[in-house]
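Below, each chain spelled out in residue letters.
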Amino acid sequence: ATAIAATSAFAGSANKDIVDTAVSAGTFETLVAAVSAADLVDTLKSEGPFTVFAPTDEAFAALPEGTVATLLLPENKDQLVAVLTYHVVPGKVMSTDLTDDMMAKTVQGSEIMIDLDDGVKINEASVVTADIETSNGVIHVIDAVILPPQS
């Protein structure tokens, strides 16, 4: 039932950009608030294309207590931008474009690992809904927030 609900939540998403698609889905309120706090709304509404690995509200809730609130503080904007842009890959990458153990460079600058051995994993996060096409890219829903490597 979850897959059906998720699919219907994204009906008509190809006519909306990434941000509007995420807002209308209703399961990305934390992500949308973070994108807004990081001043990335205009970027993710631009032409793109972009591939976004979008953590659900549950994924953000699973972070250690206080993590999201700390990231949303104005003084932590650079860190928030780094976390969010680590979830974005330039171009439109559909699930059929993925190969096992491939690396993809993120907008943040570090690479993510794609593992196809047990479903589709992005680093340690599982893709729960793939290939949600938007007017400026594609969203793949993931069940965990992925964090860039510490430099």
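Here's a quick rundown of the structure.

Rules of the game
- Note that residues are indexed from 1 along each chain, following the sequence as it is written.
- At least 70 in pLDDT is required for a residue's local features to be given in this predicted model, at least 80 for side-chain atom pairs to be given and counted, and no such filter applies to totals for whole chains, interfaces and linings, which use all residues.
- As a convention, hydrogens and water are excluded, and side-chain values are obtained from all of the structure's heavy atoms.
- Helix and strand definitions here come from DSSP, where helices need a minimum of 4 consecutive H or I residues and strands a minimum of 2 consecutive E residues; each element is numbered from the N-terminal end.
- When accessible area is computed with a 1.4 Å probe and restricted to protein chains, residues below 20% of their type maximum are described as buried, those above 50% as exposed, and intermediate ones as partly exposed.
- Whenever two N or O atoms come within 3.5 Å, that pair is a polar contact, provided that in protein one can donate a hydrogen and the other can accept it, and provided that, for residues adjacent in sequence, both atoms are side-chain atoms.
- Contact between two residues is taken to exist if any of their heavy atoms lie within 4.5 Å; hydrogens are not considered.
- Salt-bridge detection follows one rule: a side-chain nitrogen of Lys or Arg within 4 Å of a carboxyl oxygen of Asp or Glu.
- When DSSP finds at least two bridges between two strands, those strands are taken to pair.

## Some thoughts on the side chain of Thr51
Along the chain, Thr51 falls in strand S1 (residues 50-55). Since its relative accessible area comes to 0%, Thr51 is described here as buried. Polar side-chain contacts of Thr51 include one of 2.7 Å to the backbone oxygen of Gly91. In this structure the side chain of Thr51 is engaged in a polar contact, spanning 2.7 Å, whose partner is the backbone nitrogen of Val93. Setting aside its immediate chain neighbours within four residues, Thr51 contacts His87, Val88, Val89, Gly91, Lys92, Val93, Val138 and His140.

## Here we look at the pattern of salt bridges
Across all of its chains, the model carries 4 salt bridges by this definition. Of the charged contacts, one joins Lys45 and Asp20 as a salt bridge, the two residues approaching to 3.0 Å between their closest N and O atoms. Remark: Asp20 occurs in helix H2 (residues 18-25) and Lys45 occurs in helix H4 (residues 41-45); sequence separation between them is 25 residues. On the basis of relative accessible area, Lys45 is assigned to the partly exposed category, the value being 34%. Residue Asp20 is classed as partly exposed on the basis of its relative accessible area, which comes to 33%. The residue Glu133 makes a salt bridge to Lys92 at a minimum N-O spacing of 2.7 Å. Remark: Lys92 occurs in the loop between strand S2 (88-90) and strand S3 (102-105) and Glu133 occurs in strand S6 (residues 125-134); sequence separation between them is 41 residues. Taking relative accessible area as the criterion, Glu133 reaches 36% and is therefore assigned partly exposed. In this structure Lys92 comes out as partly exposed when scored by relative accessible area, which is 37%. Residues joined in a network through salt bridges with shared partners are Asp17, Asp20 and Lys45.

## A short note on helix H7 (residues 77-85)
Among all positions of H7, only Leu80, Val83, Leu84 and Thr85 are buried. In the core, the buried residues of H7 are packed alongside helix H3 (29-37), helix H6 (67-71) and S2.

## Section: the pairing of strand S4 (residues 111-115)
A regular strand carries its side chains on alternate faces of the sheet. By the alternation rule, side chains of S4 split into Ile112 and Ile114, which are all buried, and Glu111, Met113 and Asp115, of which none is buried. The sheet contact formed by S3 and S4 spans 4 bridges and is antiparallel. Counted as the bridge partner of Met102 is Ile114 from S4. Connecting the antiparallel pair S3 and S4 is a turn made up of 5 residues, with Gly109 showing a positive phi of about 120°. Here S4 pairs with strand S5 (residues 121-122) via 2 bridges, running antiparallel. What sits directly across from Asp115, in S5, is Lys121. Linking two consecutive strands that pair antiparallel, namely S4 and S5, is a turn of 5 residues; a positive phi of about 75° is found at Gly119 within it.

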